[in-house]
Amino acid sequence: MGGPDITTIPDPGAFNGPGIGALDYDSEENVLWAAVYQPINGESLFYKLDPSDGSILKTCSLPFQGGGVGNDTLAVARPADLGGTKVLLTDAGEVLSTLFAIDITTCSVLKSYNLPVGVTGIDEDDNTGDLIVTNHWCPVKNPTIVKKPNILAVFLRKYAATI
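Here the structure is a predicted model, which means the values were calculated and not measured. (Residues numbered from 1 in each chain as written. Predicted model: local features only at pLDDT ≥ 70, side-chain atom pairs only at ≥ 80, totals over all residues. Heavy atoms only, no water.)

Explain the overall build of the chain here, please?
A count of helical and extended segments in the chain gives zero helices and 11 strands. For the chain, the sequential pattern of α-helices and β-strands runs β-β-β-β-β-β-β-β-β-β-β. Taken over 163 residues, the chain has a buried fraction of 42%. Within the chain, contacts between residues at least 6 apart in sequence are counted, and of these 42% link residues at least 24 apart. Summed over its atoms, the accessible surface of the chain is roughly 8,500 Å², and 53% of this surface lies on carbon and sulfur atoms. (Helix = DSSP H or I, 4+ residues; strand = E, 2+ residues; numbered from the N terminus. Buried < 20%, exposed > 50% of the residue type's maximum accessible area, 1.4 Å probe, protein only. Contact = heavy atoms within 4.5 Å. Areas by Shrake-Rupley, 256 points an atom, 1.4 Å probe, with all protein chains shown as cover.)

Here it is as structure tokens:
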């Protein structure tokens, strides 16, 4: 599936642009979705990219929600409570506890979900439909320990079932 491997995909925001904070692959459409890391004019941008060359196929936006410098949370998902509609899930910021479900066709927010903790990364398990999240960095008690993401024991079955 897909095209030839490429070494890099250029930053959709151009050289020295705002960077990419998160990526997810949509295997049904053979496209990448990229969350722009730093907001542009107060907006978190989401680019639908051609994985063969990085060209922008579509752009969606949502007001930047804060919590940090940029957006690091994105997943292509099909929440059960939205009838399996394909959406982008994002907090449009960093370490926030609200996820927005953005319709990939209209770029409109269909729903928001309140999570029990702020998240820095998410993905949907394709086999179970569970939402898998990571929260903020573990506290470092010993300066020689490298910080690692603390994987939460939060597997939100079909999202709305437990929140």
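Back to the text.
Just to check I follow, could you spell out the sheet that holds strand E2 (residues 31-36) for this structure?
Hydrogen bonding along the main chain pairs the strands of a sheet, whether they run parallel or antiparallel. Across the sheet, four strands lie side by side as E1-E2-E3-E4; this open sheet has antiparallel pairing. Looking at which strands have only one partner, the edges of the open sheet turn out to be strand E1 (20-26) and strand E4 (56-63). Each adjacent strand pair in this sheet contributes to an overall mean axis angle of 20 degrees, direction not counted. Direction of pairing for E1 relative to E2: antiparallel, over a ladder of six bridges. Opposite Ala22, over in E2, you have Ala35 as the bridge partner. (Pairing = 2+ DSSP bridges. Axes fitted to C-alpha atoms, helices over the stretch in contact; angles between N-to-C directions.)

How do you make sense of the pattern of salt bridges when you look at a structure like this?
Pairing between side chains of opposite charge can happen when the charged atoms of each approach one another. Summed over the entire model, instances satisfying the criterion amount to six salt bridges. Linking Lys86 and Asp26 is a salt bridge whose minimum nitrogen-to-oxygen distance equals 2.7 Å. Here Lys86 is found in the loop between strand E5 (75-77) and strand E6 (87-90), whereas its partner Asp26 is found in strand E1, with 60 residues between them in sequence. Here the two residues Lys86 and Asp26 agree in accessibility, since each one is buried. Note that Glu29 and Lys86 form a salt bridge whose closest N and O atoms lie 3.2 Å from each other. Taken together, the positions of Glu29 in the loop between E1 and E2 and Lys86 in the loop between E5 and E6 put the pair 57 residues apart, joining distant regions of the chain. Given the relative accessible area of 32%, Glu29 is considered partly exposed. (Salt bridge = Lys/Arg side-chain N within 4 Å of Asp/Glu carboxyl O.)

Would you explain unusual backbone geometry in this entry?
Phi is mostly negative for residues that are not glycine, and the peptide bonds are mostly trans. Non-glycine residue Ala92 carries a positive phi angle of around 55 degrees. Here Ala92 falls in the buried class, since its relative accessible area comes to 0%. Unlike most non-glycine residues, Val95 shows phi in positive territory, near 55 degrees. Take Val95: its relative accessible area is 30%, and that puts it in the partly exposed class.

In this structure, what is going on with the state of the cysteines? I would like to understand it.
Chemically, a disulfide is nothing more than a covalent bond linking the sulfur atoms of two cysteines. According to the stated counting rule, one finds one disulfide in the structure shown. The disulfide partner of Cys60 is Cys107, and the gap between their sulfur atoms is 2.0 Å. Here the S-S torsion is close to -55 degrees, and the disulfide linking Cys60 with Cys107 is therefore left-handed. Of this pair, Cys60 sits in strand E4 while Cys107 sits in the loop between strand E7 (96-103) and strand E8 (109-119); the two residues are 47 residues apart in sequence, bridging distant segments of the chain. Considered together, Cys60 and Cys107 belong to a single accessibility category, that of buried residues. (Disulfide = S-S within 2.5 Å.)

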